[in-house]
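Residue-level listing of the chains:
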Amino acid sequence: PALQRTAQALATLDVLATFADVAARRNYSKPHLHEGDDLSVVEGRHPVVETMTREAFVPNDLSLDGTTQQLLVITGPNMGGKSTFLRQTALLCLMAQAGSFVPARQAKLPVVDRIYARVGAADNIARGQSTFMVEMQETASILNTATSRSLVVLDEIGRGTSTFDGLSIAWAVAEHLATNPKARPKTLFATHYHELTDLADALPGVANAHLLVREWQDQIVFLRKVVPGRSDR
């Protein structure tokens, strides 16, 4: 027992010292954790991408709550930065609740009961599950178990089937997350279905954001900046 207590103390010290070292070297800030609904980030960054990229990482702000901006529909081109923005939000919440400082200038974060991520494409052919089947099973799990205290990040729901079927599924999922009286989790919903931006006009609590892109001499320039509103095309 004495050896086990010593090992536990050393393990705790190791984790806390590592958190402190990384926070000092990478300019992290102390998050404000609270019991309310507001999730507010000023100049948030992805802790891994910012250390791996050769380019300067572009920080972004975010504001979510349980009423006025509960679900954010994010549009923009491939490689524009949508997935990075989703993942860094989930990581900020995870790091803060683990006891770490976070890669942001300021962060006011609610205590979340779960973080749900439906991202990427994967199959389980050995069990007879296609990419689309895995996507639908994971989505169903989110819809059935997420609470109003949860954080949900969804990336390209409906990609594994035909265009109109996929659009219908994505619309239904977003609408359910925004209107379900039993649970309205804070949600980031990245999509290429531009039609989903109309949800912001139809449902309270739904807002649009997009990644800035510029065209210059037949070239596309990704600015990686998240701004309010829908992408123009």
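Residues numbered from 1 in each chain as written. Predicted model: local features only at pLDDT ≥ 70, side-chain atom pairs only at ≥ 80, totals over all residues. Heavy atoms only, no water.

A.B. asks: Is there a simple way to explain the overall build of the protein chain in this structure?
C.D. replies: Helix and strand counts for the protein chain stand at six helices and ten strands. Taken over C-alpha atoms, the radius of gyration comes to 19 Å for the protein chain, in line with the 17 Å a tight globule of 233 residues would show. Considering only C-alpha atoms, the protein chain reaches an extent of 65 × 45 × 40 Å along its principal axes. Classification of the 233 residues of the protein chain by burial places 39% in the buried group. Of the contacts made within the protein chain by residues no fewer than 6 positions apart, 69% connect residues no fewer than 24 positions apart. Accessible surface, the protein chain: about 12,800 Å² in total, of which carbon and sulfur atoms supply 56%. Both charge centroids of the protein chain, one from 23 positive and one from 24 negative side chains, sit 7 Å from each other. (Helix = DSSP H or I, 4+ residues; strand = E, 2+ residues; numbered from the N terminus. Rg over C-alpha atoms; globule rule 2.2 N^0.38 Å. Buried < 20%, exposed > 50% of the residue type's maximum accessible area, 1.4 Å probe, protein only. Contact = heavy atoms within 4.5 Å. Areas by Shrake-Rupley, 256 points an atom, 1.4 Å probe, with all protein chains shown as cover. Lys, Arg positive; Asp, Glu negative; His and termini not counted. Charge placed at Lys NZ, Arg CZ, Asp CG, Glu CD.)

A.B. asks: When you look at helix α5 (residues 163-179) in this model, what are you seeing that I'm missing?
C.D. replies: Helical geometry note: an α-helix holds 3.6 residues per turn, so side chains three or four residues apart project in the same direction. Between the first and last C-alpha of α5 there are 24 Å, a value that for 17 residues agrees with the 24 Å anticipated at 1.5 Å per step. Those residues of α5 lying buried are G166, L167, A170, V173, A174, L177 and A178. All buried residues of α5 project into a common sector of 135 degrees when viewed along the axis, lining one side. Residues of α5 that are buried in the fold lie against β4 (71-75), α4 (131-145), β7 (151-155), β8 (186-190), α6 (199-202) and β9 (206-216). (Expected span 1.5 Å × (residues − 1). Arc of directions from axis to C-beta.)

A.B. asks: Is there a simple way to think about a nonpolar patch on the surface in this case?
C.D. replies: Taken together, the side chains of W216, V221 and L223 make up a nonpolar region of the molecular surface, amounting to roughly 280 Å² of accessible area. Within the secondary structure, W216 is located in strand β9. Accessibility expressed as a relative area gives 57% for W216, which makes it exposed. (Patch = residues over 30% accessible without salt bridge, like charges linked within 9 Å, V, L, I, M, F, W, Y side chains within 5 Å. Salt bridge = Lys/Arg side-chain N within 4 Å of Asp/Glu carboxyl O.)

A.B. asks: I'm lost on the nonpolar core in this one. Help?
C.D. replies: General note: in soluble globular proteins, nonpolar side chains tend to be found buried as a group. In terms of nonpolar packing, the biggest core is built from 29 residues, with L39, L62, L72, I74 and L188 touching the most fellow members. Sort the elements by how many residues they give to this core and helix α3 (residues 82-98) lands first, with seven residues. When residues no more than four places from it in sequence are discounted, the contact partners of L72 are L62, L64, T187, L188, F189, A207, N208 and A209. Core analysis: the next-biggest nonpolar cluster, separate from the first, contains 20 residues, V73, A170, A178 and V206 among them. (Core = buried A, V, L, I, M, F, W, Y, C linked by side-chain atoms within 4.5 Å.)

A.B. asks: So what exactly am I meant to see when it comes to the environment of L92 here?
C.D. replies: Secondary-structure assignment places L92 in helix α3. Taking C-alpha positions, L92 is 8.4 Å from A104, a pair spaced twelve residues apart along the chain. In this structure L92 touches V41, R45, V102, P103, A104 and L109, once residues within four positions along its chain are discounted.

A.B. asks: So what exactly am I meant to see when it comes to the pairing of strand β6 (residues 115-118) here?
C.D. replies: Taken residue by residue, a regular strand's side chains alternate between the two faces of the sheet. Residue alternation in β6 divides its side chains into a buried set, Y116 and R118, and an unburied set, I115 and A117. Pairing of β6 with β7 involves four bridges; the strand directions are parallel. Across the sheet, R118 pairs through a bridge with L154, a residue of β7. (Pairing = 2+ DSSP bridges.)

A.B. asks: Is there a simple way to explain the sheet that holds β9 in this structure?
C.D. replies: The mixed open sheet is built from six strands, whose spatial order is β6-β7-β8-β4-β9-β10. Each of the sheet's edge strands pairs with one partner strand only, and the pair in question is β6 and β10 (219-228). Adjacent strand axes in the sheet meet at a mean angle of 15 degrees when their direction is disregarded. Note that β9 and β10 share seven bridges and pair antiparallel. Opposite W216, over in β10, you have Q219 as the bridge partner. Lying over the sheet, α3 contacts β4, β6, β7, β8, β9 and β10, oriented at roughly 160 degrees with respect to β7. Against the sheet, α5 touches β4, β7, β8 and β9, its axis set at about 160 degrees to β8. (Axes fitted to C-alpha atoms, helices over the stretch in contact; angles between N-to-C directions.)

A.B. asks: Please explain the pairing of strand β5 (residues 106-110) as it appears in this structure.
C.D. replies: The sheet contact formed by strand β1 (residues 32-34) and β5 spans three bridges and is parallel. Its bridge partner being in β5, L33 is matched across the sheet by L109. The pairing of strand β2 (residues 39-44) with β5 spans three bridges and is classified as antiparallel. When the sheet's bridge partners are listed, V42 is paired in β5 with Q106.

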